[in-house]
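Chain by chain, the residues:
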Amino acid sequence: MTTHDLPAALAEIVDDFQALTEPERLQLLLEFSRELPELPDRLKDHPELLEQVVECQSPLFLTIEMEKNDAGPADAVRLYFKAPPEAPTTRGFAGVLHEGLDGLSAAEILAVPDDMPELLGLTRAITPLRMRGMAAMLGRIKRKLSSTARLKA
C-alpha cells in the first residue's frame, strides 16, 4: 500500500510521519494528541451517544454523524472522539484519524485500507497492542459507516 491509496489529508499525515525518524514520529503523535478537538457540548453530557472501542488499552469513545454536504451529493462524515489526556498514544491515534478523515464522504473512508496505521512507521516504537487499538478505531468507524449505509438503503 502507498499513500496514493489514501485520501489527500490522510496521505499528507502519513507522508509527514514517514519523513521523520522514529523518535520524531513519537513527538508528532504527541502533537496530534494535543490537537484532538474536545467533544461538542451536545455530546459531552451524553455518553450514551458514544461507543467505546474496547480494543484500545485506554478508554476511547467515538461517534460519527452525517452532515449534509451542500457542495456535492455525498454527505460529510463528522468524527468525534473522547480519550483521557493521560492516554497520549490513544489520543494521538484519534487525532490522526480525526484530522485525516473528518469531513470526508463515507465512501472515501470505507476505501481506506484497514492496515493504514502501519504506514505511520510506529510499529517498532509502540506495542502491538496499542497498534491494534488504532486499527480497531479505524475498523469501528468503518463498521459504523457500513451499518449507517445499510440503514439508509
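Given the structure is predicted, the values throughout are model-derived calculations rather than measurements.

A.B. asks: Looking at this model, I keep getting lost on the overall build of the protein chain. Mind explaining?
C.D. replies: From N to C terminus, the protein chain includes 6 helices and 3 strands. Listing every helix and strand of the protein chain by position from the N terminus yields α-α-α-β-β-β-α-α-α. The C-alpha atoms of the protein chain give a radius of gyration of 15 Å, which matches the 15 Å a tight globule of 153 residues would have. Based on the C-alpha atoms only, the size of the protein chain along its principal axes is roughly 45 × 35 × 25 Å. Out of the 153 residues belonging to the protein chain, those deemed buried represent 46%. Charged side chains in the protein chain number 17 positive and 25 negative. The centres of these two groups are separated by 6 Å.

A.B. asks: How should the sheet that holds strand β1 (residues 51–52) be read in this particular structure?
C.D. replies: For sheets, the rule is that strands pair by backbone hydrogen bonds, running either parallel or antiparallel. Within the open sheet, the 3 strands sit side by side as β1-β2-β3. Their pairing is antiparallel. Only two strands of the sheet have a single neighbouring strand rather than two, namely β1 and β3 (76–82). Pairing between β1 and strand β2 (residues 61–67): 2 bridges, direction antiparallel. Paired with E51 across the strands is L62, a residue of β2.

A.B. asks: Explain the side chain of T63 to me, please; I cannot follow it from the model alone.
C.D. replies: Among the structural elements, T63 can be located in strand β2. Residue T63 is classed as buried on the basis of its relative accessible area of 8%. Within polar-contact distance, the side chain of T63 engages the backbone oxygen of L49 at 3.1 Å. Apart from residues no more than four positions distant in its own chain, T63 is found in contact with L43, L49, L50, R78, L79, Y80 and K144.

A.B. asks: Help me understand the packing of aromatic side chains in this model?
C.D. replies: For any pair of aromatic rings, the description consists of the separation of the ring centres together with the inter-plane angle of the planes. Taken as a whole and assessed by the stated rule, the structure comprises 1 aromatic pair. Where F17 meets F32, the ring centres are 5.9 Å apart and the plane angle is 20°; that geometry is what we call stacked. In this pair, F17 sits in helix α1 (residues 8–18) while F32 sits in helix α2 (residues 22–35), placing the two residues 15 residues apart along the sequence. In this pair, the class of F17 matches that of F32, namely buried.

A.B. asks: How do you make sense of α2 when you look at a structure like this?
C.D. replies: Counting along an α-helix, one turn takes 3.6 residues, and residues three or four places apart therefore face a common direction. In this model α2 runs 20 Å from its N-terminal to its C-terminal C-alpha over 14 residues, within 8% of the 20 Å that 1.5 Å per residue would give. If you check which residues of α2 are buried, you get R25, L28, L29, F32 and S33. Mapping the buried residues of α2 onto a view down its axis gives an arc of 155°, with all of them on the same face. Away from its buried face, by an angle of more than 90 degrees, α2 presents the exposed residues P23 and R34. Residues of α2 that are buried in the fold lie against α1 and α4 (88–101).

About the cut-offs
- Residues numbered from 1 in each chain as written.
- Predicted model: local features only at pLDDT ≥ 70, side-chain atom pairs only at ≥ 80, totals over all residues.
- Heavy atoms only, no water.
- Helix = DSSP H or I, 4+ residues; strand = E, 2+ residues; numbered from the N terminus.
- Rg over C-alpha atoms; globule rule 2.2 N^0.38 Å.
- Buried < 20%, exposed > 50% of the residue type's maximum accessible area, 1.4 Å probe, protein only.
- Lys, Arg positive; Asp, Glu negative; His and termini not counted.
- Charge placed at Lys NZ, Arg CZ, Asp CG, Glu CD.
- Pairing = 2+ DSSP bridges.
- Polar contact = N/O pair within 3.5 Å; in protein donor to acceptor, adjacent residues only side chain to side chain.
- Contact = heavy atoms within 4.5 Å.
- Phe/Tyr/Trp six-rings, centres within 6.5 Å; stacked < 30°, edge-to-face > 60°.
- Expected span 1.5 Å × (residues − 1).
- Arc of directions from axis to C-beta.

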